[in-house]
Amino acid sequence: MRFDVISLFPDMVQHAARVGVTGKAIENETVILNVWNPRDYAHDKHSTVDDRPFGGGQGMVMKYQPLHDAVTAAKAERFCNCKVVYLSPQGKPLTQSLLEEASHLSQLILVAGRYEGVDERFIARDCDEEWSLGDYVISGGELAALIVIDAITRLLPNVLGNVQSALQDSHSDGLLDYPQFTRPERIENDAVPDVLLSGHHEAIAQWRMKQALGRTWQKRPDLLKKKTLSAEQERLLAQFKVDVD
């Protein structure tokens, strides 16, 4: 899969993306990452990419033309399955299902805004969607772009050492993840649950599902409202509630 980021700070994106999971995916050429600086497409000698907003107001607004030309350059290879996304607090909330859908694209172009935002005509004419990390504001879209790239990359085939890792993550099935433990088996009076030491795979799977349901009920009840539980899941959740009562 190919990611293209439109950013005024290309080094920030390039350096941060080349560590960990995304770094290995880029090294193995499972992922291709290109970063395009709108300043390279500005037509004046000062490489101006922003200007004062019409109607007055605070701050500066990124201009249409440099952004448009940067996106056009990123599209030059004309991937048949490409999407342009502007990262904005006004966009649709980023969810695991949205990321899973995006992982089937051939190319994803992520536009990282700065200042007070971008000319609205760029969003209307050049962008397919707007995505948001949440109901808060950060200084620019570069961090959001890196989060999107990391989250999608780990869903791609042959990226994670264990293909089940991504499938079992929090939110992958609409639930939070179950608790994880490793050695030692006991830390003072705090011991690993016996069932995880039993070697009984069916019992372990059932315990993990109960914990995932229970954690979601405790921490993110809004997620449960969106999910239709099976009869077995209803039983396990009821049992969890009794256990913690």
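Residues numbered from 1 in each chain as written. Predicted model: local features only at pLDDT ≥ 70, side-chain atom pairs only at ≥ 80, totals over all residues. Heavy atoms only, no water.

K.L.:
Quick rundown of the pattern of salt bridges? Include the residues and the values.
P.N.:
Going through the model one piece at a time under the given rule, you end up with eight salt bridges. Put simply, Glu129 and Lys83 hold a salt bridge, and the shortest N to O gap is 3.0 Å. Residue Glu129 is found in strand β7 (residues 129-132), and its partner Lys83 is found in strand β5 (residues 82-93); the two are separated by 46 residues along the sequence. For Glu129, a relative accessible area of 18% puts it in the buried group. (Salt bridge = Lys/Arg side-chain N within 4 Å of Asp/Glu carboxyl O. Helix = DSSP H or I, 4+ residues; strand = E, 2+ residues; numbered from the N terminus. Buried < 20%, exposed > 50% of the residue type's maximum accessible area, 1.4 Å probe, protein only.)

K.L.:
Before we move on, can you summarise the nonpolar core with the specific residues and values?
P.N.:
Ranked by internal contacts, the top residues of the largest apolar core, which has 29 residues, are Leu33 and Leu108. Of all elements in the fold, only β1 (2-6), α1 (10-17), α2 (20-27), β2 (32-36), β5, α4 (96-102), β6 (107-112) and α6 (142-153) reach the threshold of two or more residues within this core. Other than its neighbours up to four places away in sequence, Leu108 contacts Met1, Arg2, Phe3, Asp4, Lys83, Val85, Trp131, Val148 and Ile152. (Core = buried A, V, L, I, M, F, W, Y, C linked by side-chain atoms within 4.5 Å. Contact = heavy atoms within 4.5 Å.)

K.L.:
Explain helix α3 (residues 64-74) to me, using residue names and the numbers behind them.
P.N.:
For α3, the set of buried residues is Pro66, Leu67, Ala70, Val71, Ala73 and Ala74. Along the axis of α3, the buried residues cluster in a sector spanning 160°; they form a single face. For α3, the elements touching its buried residues are β1, β2, β4 (61-62), β5, β6 and α5 (120-126). (Arc of directions from axis to C-beta.)

K.L.:
Can you lay out the environment of Ile109 for me, pointing to particular residues and giving the numbers?
P.N.:
Considering the arrangement of structural elements, one finds Ile109 in strand β6. For Ile109, a relative accessible area of 0% puts it in the buried group. Through-space distance from the C-alpha of Ile109 to that of Cys82 is 7.5 Å; in sequence the pair is 27 residues apart. If we skip the residues at most four places from it in the chain, Ile109 touches Asp4, Ile6, Val71, Ala74, Lys75, Cys82, Lys83, Val84 and Val85.

K.L.:
Give me a nonpolar patch on the surface: which residues, what numbers.
P.N.:
Taken together, Phe9, Met12, Tyr136, Ile138 and Leu143 make up a surface patch of nonpolar side chains, about 450 Å² in accessible area. Position of Tyr136 among the secondary structure elements: in the loop between β7 and α6. Owing to a relative accessible area of 46%, Tyr136 belongs among the partly exposed residues under this scheme. (Patch = residues over 30% accessible without salt bridge, like charges linked within 9 Å, V, L, I, M, F, W, Y side chains within 5 Å. Areas by Shrake-Rupley, 256 points an atom, 1.4 Å probe, with all protein chains shown as cover.)

K.L.:
Could you give an account of the side chain of Asp119, with specific residues and numbers?
P.N.:
By the element assignment, Asp119 lies in the loop between β6 and α5. Overall, Asp119 belongs to the buried group, its relative accessible area being 17%. A polar contact is formed between the side chain of Asp119 and the side chain of Arg121, at a distance of 2.7 Å. Here Asp119 is in contact with Val61, Met62 and Tyr64, once residues within four sequence places are set aside. (Polar contact = N/O pair within 3.5 Å; in protein donor to acceptor, adjacent residues only side chain to side chain.)

K.L.:
Let's hear about the packing of α2 against α6: which residues, and what values?
P.N.:
The geometry of α2 relative to α6 is characterised by a closest axis approach of 9 Å and an angle of 70° between their N-to-C directions. One way to sum up the angle between α2 and α6 is to call them roughly perpendicular. Between α2 and α6, the contacting residues are Val21, Thr22 and Ala25 on the first element and Ile149, Asp150 and Thr153 on the second. Looking at the contact of α2 with α6 residue by residue, the classes come out as three nonpolar, two polar and one charged. (Axes fitted to C-alpha atoms, helices over the stretch in contact; angles between N-to-C directions. Parallel < 35°, antiparallel > 145°, perpendicular 65-115°, else oblique. Nonpolar A, V, L, I, M, F, W, Y, C, P; charged D, E, K, R; others polar.)

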